[in-house]
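Residue strings, one per chain:
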Amino acid sequence: MIKILLNGCLGKMGQAVEACINEREDTMISCGVDIADGDKAYPVYTCFYDVQEKPDVIIDFSNPLVLDDMLSFAVKNQTPVIICTTGFSDAQVQKIKDTAKQIPVFYSGNMSLGINVLIALSKMAAKVLYNSFDIEVVEKHHNLKIDAPSGTALMIADAINEEIGGAQYVYDRHAYRKRREHNEIGIHSIRGGTIVGEHEVIFAGHDEVVSLKHQAQSKGVFAAGAVNAAAYMKDKPAGLYDMSDVLKG
């Protein structure tokens, strides 16, 4: 039985992860951490310093502000951590990478299997089309999402840039009074209603457009990915992992 500490347990994603864990026979929540106060069938702490349990792995769907305390707890207890939170600063991302030298760290801006297939297809398309096609990334999310662009949009852009090299990310064109440069990757954010998550990669050429799109219909796809990652990460050596490692088995 894999004992999980769920960070952000009272949030919407935390509840989705809890439901996914409860459907499995090989996982259980040993405790949760959340800045809010609430009752659960397991102990819930408002900070990591108060946690008494020794979990096998941490799943994090919380807030970038909690990162330092969570990583300190994970290093102290040598606990693998699944980081699903987005919106980190460059310095925080570097801290995540540095921590992975001491403990197993799984870090991904999107836990969906389908998104990771979309990323692979986008890289293939960029390799073939880039010379004569412009590339734009459009992401849509619910009106409660704080960060923009989404971590997934940046994952997609970074993956494409690994393939083509030298791309310049342009996030908002209203301040520009000039034509588009070919080496740009436009990244656009839409926030509204209850959109769970939609990402589209558009390759626009002369007289033709190629579009790759992924739509998440529920938060369950991200929760399932996180729990699968937790099962994969138990007893792994120190290092930085992502969904590609889980897909390889």
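Rules behind the numbers
Residues numbered from 1 in each chain as written. Predicted model: local features only at pLDDT ≥ 70, side-chain atom pairs only at ≥ 80, totals over all residues. Heavy atoms only, no water. Axes fitted to C-alpha atoms, helices over the stretch in contact; angles between N-to-C directions. Helix = DSSP H or I, 4+ residues; strand = E, 2+ residues; numbered from the N terminus. Parallel < 35°, antiparallel > 145°, perpendicular 65-115°, else oblique. Left-handed = near helix turned anticlockwise from the far one by under 90°. Contact = heavy atoms within 4.5 Å. Nonpolar A, V, L, I, M, F, W, Y, C, P; charged D, E, K, R; others polar. Salt bridge = Lys/Arg side-chain N within 4 Å of Asp/Glu carboxyl O. Buried < 20%, exposed > 50% of the residue type's maximum accessible area, 1.4 Å probe, protein only. Expected span 1.5 Å × (residues − 1). Pairing = 2+ DSSP bridges.

Novice: I'm lost on the packing of helix α1 (residues 12–22) against helix α6 (residues 220–233) in this one. Help?
Specialist: The packing of two helices is summarised by the inter-axis angle and the distance between the axes. Between α1 and α6, the least distance of the axes is 8 Å, while the angle of their chain directions is 60 degrees. Looking at the two axes, α1 sits oblique to α6. Read as a crossing pair, α1 and α6 show a hand that is right-handed. Across from M13, A16, V17, C20 and I21 in α1, the residues of α6 making contact are F222, A223, A224 and V227. Within the contact of α1 with α6, the residues separate by chemical class into nine nonpolar, no polar and no charged.

Novice: What should I look at first to understand the pattern of salt bridges in this one?
Specialist: Oppositely charged side chains may form a pair once their charged atoms are brought near each other. Here the structure, examined in full by the defined rule, presents 14 salt bridges. One salt bridge connects D68 with K95, and the closest N-O pair in it is separated by 3.0 Å. With D68 in helix α2 (residues 67–77) and K95 in helix α3 (residues 90–99), this residue pair connects regions lying 27 residues apart in the sequence. Accessibility expressed as a relative area gives 38% for D68, which makes it partly exposed. Note on K95: relative accessible area 33%, which makes it partly exposed. A salt bridge links K123 to E162, with the nearest nitrogen and oxygen atoms 3.3 Å apart. Of the two residues, K123 sits in helix α4 (residues 113–129) while E162 sits in helix α5 (residues 151–164), which places them 39 residues apart along the sequence. Judged by relative accessible area, K123 falls into the partly exposed class, the value being 25%. A relative accessible area of 62% places E162 in the exposed class. Several salt bridges share partner residues, and in doing so they unite D134, E136, R173, R180 and E184 into one network.

Novice: Any chance you could explain α5 here in plain terms?
Specialist: One turn of an α-helix holds 3.6 residues; hence residues three or four places apart share an orientation. The terminal C-alpha atoms of α5, which comprises 14 residues, lie 20 Å apart, in line with the 20 Å expected from a rise of 1.5 Å per residue. Of all the positions in α5, only G151, T152, A153, I156, A157, A159, I160 and I164 are classed as buried. Of the surrounding secondary structure, the elements contacted by the buried residues of α5 are α4, β7 (134–141), β8 (168–170), β9 (184–191) and β10 (197–204). Looking at the residues trailing α5, positive phi occurs at G165, about 70 degrees.

Novice: So what exactly am I meant to see when it comes to the sheet that holds strand β6 (residues 104–107) here?
Specialist: Strands pair in a sheet through their backbones, by hydrogen bonds, and they do so in one of two ways: parallel or antiparallel. Ordered in space as β3-β2-β1-β4-β5-β6-β12, the seven strands form an open sheet in which the pairing is parallel. Each of the sheet's edge strands pairs with one partner strand only, and the pair in question is β3 (44–45) and β12 (239–241). With four bridges connecting them, strand β1 (residues 2–7) and strand β4 (residues 57–60) associate as parallel partners. If you follow I4 over to β4, its bridge partner there is V57.

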